[in-house]
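Here is how the chains run, residue by residue.
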Amino acid sequence: MKKRNVFFALVLTALLLVFGVWLLSFFRSTLSTKRIAVEQEAGSPQAALSIAHPFFTPPRPEDAPENIRAEVMLGYKIMTETKKYAGEYVKNDLSCSSCHFDGGRSRNSISLVGVGATYPRYRSRQDYTVDIAMRTQDCFERSMNGVAPALDTQVMQSLLVYMQWISKGIPIYSKLPWALPSDLGNPHKPNVEDGAKVYANVCARCHGEEGQGTPIAPPLWGDGSYNDGAGMNRITTFSVFTWRFMPKNAPSLTQEQAIDVAGFVHEKPRPKFVSTHADKIRQIIPLPEEK
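Residues numbered from 1 in each chain as written. Predicted model: local features only at pLDDT ≥ 70, side-chain atom pairs only at ≥ 80, totals over all residues. Heavy atoms only, no water.

## Observations concerning unusual backbone geometry
With an omega dihedral of 5 degrees, the bond running from Tyr119 to Pro120 counts as a cis peptide bond. Looking at the secondary structure, you find Pro120 in the loop between helix 5 (115–118) and strand 1 (121–123). Pro247 follows Met246 through a cis peptide bond whose omega is -10 degrees. You will see that Asp127, though not glycine, has its phi angle at about 55 degrees, which is positive. With respect to the helices, strands and loops of the structure, Asp127 is situated in the loop between strand 1 and strand 2 (128–130). Here Asn145, not a glycine, exhibits a phi torsion of approximately 50 degrees, which is positive. Residue position: Asn145 is located in the loop between helix 6 (132–142) and helix 7 (154–165). For Asn145, a relative accessible area of 17% corresponds to the buried category. (Helix = DSSP H or I, 4+ residues; strand = E, 2+ residues; numbered from the N terminus. Buried < 20%, exposed > 50% of the residue type's maximum accessible area, 1.4 Å probe, protein only.)

As structure tokens, this is what we get:
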């Protein structure tokens, strides 16, 4: 009888532990989604999106059709282990998944789900409409502080096939509710001193006291980080990302704290951007003027 009671007690304890872990994971996974909802209610650009939007259901890389599966799987590997699979184009300690968690398949990051349906698009940086390939080249040059892969390289083609696959089922030119807005729409001005406190209290445990990065988080400044031409070098972009997603899996900063720490990180030294391919589209044929 005693053995039976002990057995049932152990089983009950195990079940409670499993339920507790699931409950914690559930609440953590909903924090970023709740922040997006708060942002929409606050009248951000995202609030104008229609309620009838595509579902966030990215297909798994391994479920790609057989004729493209090898390229899709390689694209995913390049995203998650960039240094290993595309090291010749990377000159820092980041990977694509430093900003695009789980190879861009996570909603709790700068998601790439749907980019295959929303490009080409106009970009002020090029002062022209560009495709995903040129956008990806920019990422390598700026965020990876590296070299832009040519269109006909295996690295570029595998990335393009992968991003197209995880956009499966999303209508062309859809408005994506999970797309990152350009700023928080908060008039708060960054306070670098307050940002230093936020960094020390919240960020340093993962990114290192000197921003050098750790095995669980990338460097935020210094030679191993993104250069001064990267999108993350904008206080607006950095603060949106930080408020929505940081600390990872448990975002907890206020918008003001996110803006402050963005200002703090922005003042730190980092590599200078050096373009390895033409940044602007070379225009020879004049575009027709709108009447």
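## Concerning the packing of aromatic side chains
Across all of its chains, the model carries eight aromatic pairs by this definition. A ring pair is formed by Tyr199 and Phe264, whose centres lie 5.6 Å apart and whose planes are at 40 degrees; its orientation type is tilted. Taken together, the positions of Tyr199 in helix 8 (residues 192–207) and Phe264 in helix 10 (residues 255–266) put the pair 65 residues apart, joining distant regions of the chain. Residue Phe264 is classed as buried on the basis of its relative accessible area, which comes to 12%. Centre to centre, the rings of Phe241 and Phe245 are 5.3 Å apart; their planes meet at 70 degrees, and the pair counts as edge-to-face. Here Phe241 pairs with Phe245, and both are found in helix 9 (residues 235–245), just four residues apart, close to one helical turn. Of the residues examined, Phe245 reaches a relative accessible area of 2% and is grouped as buried. Following the ring pairs from residue to residue traces out a cluster consisting of Phe101, Phe241 and Phe245. Directly above the aromatic system of Trp221 lies the positively charged group of Lys268, at a separation of 5.2 Å from the ring centroid. (Phe/Tyr/Trp six-rings, centres within 6.5 Å; stacked < 30°, edge-to-face > 60°. Lys NZ or Arg CZ within 6 Å of the ring centre and 35° of its normal.)

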